[in-house]
Each structure stands twice: as structure tokens, then as C-alpha cells.
Amino acid sequence: MTIEMLYSKIHRATVTDANLNYVGSITIDEELLKASKMRVGQKVEILNINNGERFSTYIILGEWGEREICLNGAAARKVHKGDKVIIVAYATYDEKDLESYEPTVVIVDDENNITERLTSI
């Protein structure tokens, strides 16, 4: 049996931009991607803390150190600059894999600087 579990999340990131006139996706700072173990092209769920919206998109690479969290294309209609979001990635695990299961949680401040990196929820 396989079970879908939290793989990684970036908790309470601040949306830095919303670009309607772009091919859809979310741009995430490369440093945040590395810390969260997320990958370019990976499907993620976006949970908007400000308005309760939940939607899926995929990741594109943002520049290291810019702290960018930008929703692009249709997803730009679901957020406003300054909104707080949780970016969540899931993975499918075999029961045996769950014996050593450790999701990655990256907590950021209001400027999207990493304040803590956890390996448990």
C-alpha cells in the first residue's frame, strides 16, 4: 500500500507579486526551493491564509536571494501582493518508507527570509 503524505512546505510566505500576463505557475526563490527540497516543475498546492483559496500549480525558478514568491497566470487572480501563503508539496510513500519519514518544513518571516527549518510536523 502507498500513502500520500506531506513531502515539504514553505510556511507563511509573503506573496511578492502576482503577474496575470505570464504563463501559469509560481516563481519561488532558489534558496527557498533548496531549503524545502522542492523542485522546478513540481506540482504544489497553494493555501492562501488571507482568503482561504486553495489551488494547484507548478514551480518555476526564482533568483537566489530575491525572496520572490510570485503567482503567475490564472493563479494571480487568487492572491494579492502581501498575502500570506503556505506552499505544500506531497509525495507518495510506501509503508516501509514511512519508518524513516521526515517531511521538510521551512518557516519564513514577513520578508521570506528563512527563520527555521524543521524535519517534522
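Thresholds applied
- Residues numbered from 1 in each chain as written.
- Predicted model: local features only at pLDDT ≥ 70, side-chain atom pairs only at ≥ 80, totals over all residues.
- Heavy atoms only, no water.
- Helix = DSSP H or I, 4+ residues; strand = E, 2+ residues; numbered from the N terminus.
- Buried < 20%, exposed > 50% of the residue type's maximum accessible area, 1.4 Å probe, protein only.
- Salt bridge = Lys/Arg side-chain N within 4 Å of Asp/Glu carboxyl O.
- Polar contact = N/O pair within 3.5 Å; in protein donor to acceptor, adjacent residues only side chain to side chain.
- Contact = heavy atoms within 4.5 Å.
- Patch = residues over 30% accessible without salt bridge, like charges linked within 9 Å, V, L, I, M, F, W, Y side chains within 5 Å.
- Areas by Shrake-Rupley, 256 points an atom, 1.4 Å probe, with all protein chains shown as cover.
- Pairing = 2+ DSSP bridges.
- Lys, Arg positive; Asp, Glu negative; His and termini not counted.
- Charge placed at Lys NZ, Arg CZ, Asp CG, Glu CD.

Trainee: Help me out: how do you make sense of unusual backbone geometry in this one?
Mentor: Working note: non-glycine residues mostly have negative phi, and peptide bonds are mostly trans. Located in the positive-phi region is Arg12, a residue other than glycine, with phi close to 65 degrees. Relative to the elements of secondary structure, Arg12 occurs in strand S1 (residues 2–14). One non-glycine residue, Asn112, lies in the positive phi region at around 65 degrees. On the basis of relative accessible area, Asn112 is assigned to the buried category, the value being 1%.

Trainee: What is the right way to read the pattern of salt bridges from this model?
Mentor: Think of it this way: side chains of opposite charge can pair up when their charged atoms draw near. On inspection of all chains with the given rule, the structure shows five salt bridges. Here Glu31 and Arg67 are joined by a salt bridge, their closest N and O atoms 2.7 Å apart. With Glu31 in helix H1 (residues 30–36) and Arg67 in the loop between strand S5 (54–62) and strand S6 (69–72), this pair connects stretches of sequence that are 36 residues apart. Residue Glu31 is classed as partly exposed on the basis of its relative accessible area of 21%.

Trainee: I tried to follow the side chain of Asn48 on my own but got confused; where do I start?
Mentor: On the secondary structure map, Asn48 appears in strand S4 (residues 43–48). Assessed through its relative accessible area of 3%, Asn48 is described here as buried. Side chain to side chain, Asn48 and Asp83 meet in a polar contact 2.9 Å long. The residues contacting Asn48, other than those within four sequence positions of it, are Glu53, Lys78, Val79, Asp83, Lys84 and Val85.

Trainee: What exactly am I supposed to notice about a nonpolar patch on the surface here?
Mentor: Residues Tyr22, Val23 and Tyr58 make up a contiguous nonpolar surface patch of roughly 310 Å² in combined accessible area. With respect to the helices and strands, the residue Val23 is situated in the loop between strand S2 (17–19) and strand S3 (25–29). By relative accessible area, which is 63% here, Val23 ends up exposed.

Trainee: What's the story with the pairing of S3 in this structure? I'm lost.
Mentor: It is a general feature of regular strands that their side chains alternate between the two faces of the sheet. Taken across its five residues, S3 has five buried, putting it largely inside the fold. The alternating pattern of S3 places Ser25, Thr27 and Asp29 on one face and Ile26 and Ile28 on the opposite face, and all of these are buried. With four bridges joining them, S3 and S6 adopt antiparallel strand pairing. The partner of Ile28 across the bridge, within S6, is Ile69.

Trainee: When you look at a negative patch on the surface in this model, what are you seeing that I'm missing?
Mentor: A contiguous patch of negative charge on the surface is contributed by Asp94, Glu95, Asp97 and Glu99. Along the polypeptide, Asp94 turns up in strand S7 (residues 84–94). Of the residues examined, Asp94 reaches a relative accessible area of 36% and is grouped as partly exposed.

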